[in-house]
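Read off the chains here:
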Amino acid sequence: MSRKLLVGYLVAAAILAVSPFMMDAYELDVLNSVGLYALLALSLNLILGDAGLFNMGHAAFYAVGAYTAAILNTRFEIPILWALPICGLAAALFAALVARPVIHLRGDYLLIVTIGMGEIVRIALVNDVFGLTGGANGIFGIARPEIFGHRVKTPVDFFVLIWGAVAVTVFLFHRLEQSRFGRALNYLREDPVAAEGSGVNTARYKLVAFALGAGWAGMAGAIYAGKMRTISPESFNFWESVVLFLIVILGGAGSIPGVLLGSFLVVALPEMFRGFATARMLVFGLVMMVMMVVRREGLLPIRTVRFRTKDVKRAEAAPKDVKGAEVAR
Amino acid sequence: MSTILEVRNATKHFGGLTAVSDVSFDVPEGSIVGLIGPNGAGKTTTFNLITGNYKADLGTIRFQGKELVGMRTHKIVQLGIARTFQNIRLFQQLTAVENVLAGRHCRTKGGLLGAMLRTPGARREEEAAVERAISELAFVNLGDRSLELAKNLAYGQQRRLEIARALATDPKLVILDEPAGGMNEQETDDLVELIWKIQERGVTVLLIEHDMSLVMRVCEQIVVLEYGERIAAGSPSEVQNDPKVIEAYLGTEEV
């Protein structure tokens, strides 16, 4: 990670750290929404930004996680945060299952398939599949999450929980970026034929990217369920998938800071300009159009290299020949 | 010399077109073999059959005794066959070192957890992979361009970067599809040197090339294709004097 980026994160973290003291409950709640969308958009970024797979049904994975949490909590009284890994796993498994037969599709074809998948999930939830999802009304009476005996209930509590999760996600995803796995996703996006020809099992990595992104969205869904205490199919409609897609593209596909900024702009800005009533969506739509014309790479297209520069510097300082023996300079 | 690659009766149809018809040839281990022929003779298709990009309709392709037909490309790379592409397929938006690291992928194991937790094992593997990538860049004479984006490299450099990526997979056989395409004379001379250096490493080389001076200089054996069929095979001098080859390249003499 470059120093600039690190400073950027520290500044953002500092601003966030003081915001609970400066903001009222409503503003803080908006910020919590931003955090949830950031979690979701970061998970979609793995699929869409890093691996280049057009997934316009991400809300479905979010829904699977949220519903898993709600069902486990209301029927089996498992605390939300304990259910978190199960929710992630459920969403990941679901994604692997539905993506398996369609993952070979490219670009626009995959996009259409994932839209269909998102809709099927929503409609299945409305129709109360297995008698578990409560139909159009959804599930209510979900218990609030608890951390070490402390019940998470005020906006400040949720602020800490959600933004804590965002921080952990950003940290882990940055590490993931600079690894063999992160690179494999990039090769996939750049040129799948060349990736396969270089020895990358492209089909497997596509699937893993999908499952991991979905799993993360599933965990975000569990947190959402704990926050709202009531979930219904309408929280996971097509528009949610579109907004997430938008955040990633607008912020800068494949760029973690870009996605964070995108979440803030797409979620918080319309709230800030609520005073302008209907005009705000008009401006919002216009901004999107202008953005795609003048700045297609996104707002913050920070491309972090997928290796540690330290490693390269070390290798270049002590050059070796291809058999691994030291070479004299 | 033992045979490393054995192509027998390989045939590939695309609809009504027979791109490769009953082609057989051997590649001896440690040699440099050239595959030549006029445009559309089926050279690249033959390469694609070997690397698993296409599946042969008929025939067998054996690499060190293992049947390749029906195997997925990345598995074939893992077995030890690496390739470059006729129309350069680099990861254009990525740095040179990242491109070469792609080749290291199949020789490393690091997974999700190792990356997230950055375990000592994962760190060591990563360092070794980068080290090797830098060495490969130096090997193809791109040692000073490691952090340059692939798209910013000159054409000849891009071709060499592709070779470095292929070599990073620890191949036993490397398949070069028109490595001198678009190169000037100086670059071609450097390429000849590079191909010999690859052979010195104990890697067998199979190449397609239109530049006859290069082919005749480096190849120990040549296979000639025309209209998807093998019309000749042998040493450069044998092939050069083969009437069928002369006919294919120059046409028949009016009598």
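Asks: Which residues make up the environment of Leu261(A), and what values go with them?
Replies: Residues and elements named next belong to chain A. With respect to the secondary-structure elements, Leu261 resides in helix 11 (residues 256-272). Residue classification places Leu261 among the buried positions, given that 22 C-beta atoms sit within 10 Å. Excluding residues within four positions of it along the chain, Leu261 makes contact with Gly251, Leu299 and Leu300.

Asks: Which residues make up the interface of chain B and chain A, and what values do they have?
Replies: Contact with chain B, which involves 41 residues of that partner, is made by 33 residues of chain A. Elements that contribute at least two residues to the side of chain B that touches chain A include exactly helix 2 (73-79), helix 3 (96-104), helix 4 (112-117) and helix 5 (120-139) of chain B. Top element by residues in the side of chain B that touches chain A is helix 5 of chain B. It accounts for nine residues. Here the residues of the side of chain B that touches chain A sort into 16 nonpolar, 15 polar and ten charged.

Asks: Report on the confidence of the model for chain B, specifying residues and quantitative values.
Replies: For chain B, per-residue confidence averages 91 on the pLDDT scale, and 98% of positions sit at 70 or higher. The ipTM, which scores confidence in the relative placement of chains, is 0.90 for this predicted complex, and the corresponding pTM is 0.90.

Asks: Explain the sheet that holds strand 9 (residues 221-226) of chain B to me, and be specific about the residues and the numbers.
Replies: Residues and elements named next belong to chain B. The six strands are arranged 6-7-8-3-9-10 in an open sheet whose pairing can be described as mixed. Looking at strand neighbours, the two that pair on one side only are strand 6 (81-83) and strand 10 (229-234), the edges of this open sheet. Taken pair by pair, the neighbouring strands of this sheet meet at an average axis angle of 20 degrees, ignoring direction. As judged from the four bridges shared by strand 3 (residues 32-36) and strand 9, these two strands associate in the parallel manner. Looking at strand 9, one finds that Val33 is bridged to Gln221. Contacts between helix 1 (residues 43-50) and the sheet are confined to strand 3, strand 6, strand 7 (173-177), strand 8 (204-208) and strand 9, with strand 7 contributing the most and set at about 150 degrees to the helix. Along the sheet, helix 10 (residues 243-250) makes contact with strand 9 and strand 10, crossing strand 10 at roughly 125 degrees.

Asks: Residue-level account of unusual backbone geometry, with values.
Replies: Not every positive phi belongs to a glycine, and Phe130(A) is a case in point at roughly 55 degrees. The residue Phe130(A) is located in the loop between helix 5 (107-126) and strand 1 (139-140) in this model. The exposure class assigned to Phe130(A) is exposed, which follows from the 7 C-beta atoms found within 10 Å. In this model, Tyr227(B) sits at a positive phi of 45 degrees, which is unusual for a non-glycine residue. Assignment of secondary structure puts Tyr227(B) in the loop between strand 9 and strand 10. With 15 C-beta atoms counted inside 10 Å, the residue Tyr227(B) sits in the partly exposed group.

The rules behind the values
Residues numbered from 1 in each chain as written. Chains lettered and ligands numbered in written order. Predicted model: local features only at pLDDT ≥ 70, side-chain atom pairs only at ≥ 80, totals over all residues. Helix = DSSP H or I, 4+ residues; strand = E, 2+ residues; numbered from the N terminus. Buried ≥ 20, exposed ≤ 12 C-beta atoms within 10 Å, placed from the backbone. Contact = placed C-beta atoms within 7 Å. Nonpolar A, V, L, I, M, F, W, Y, C, P; charged D, E, K, R; others polar. pLDDT = per-residue confidence, 0-100. Pairing = 2+ DSSP bridges. Axes fitted to C-alpha atoms, helices over the stretch in contact; angles between N-to-C directions.

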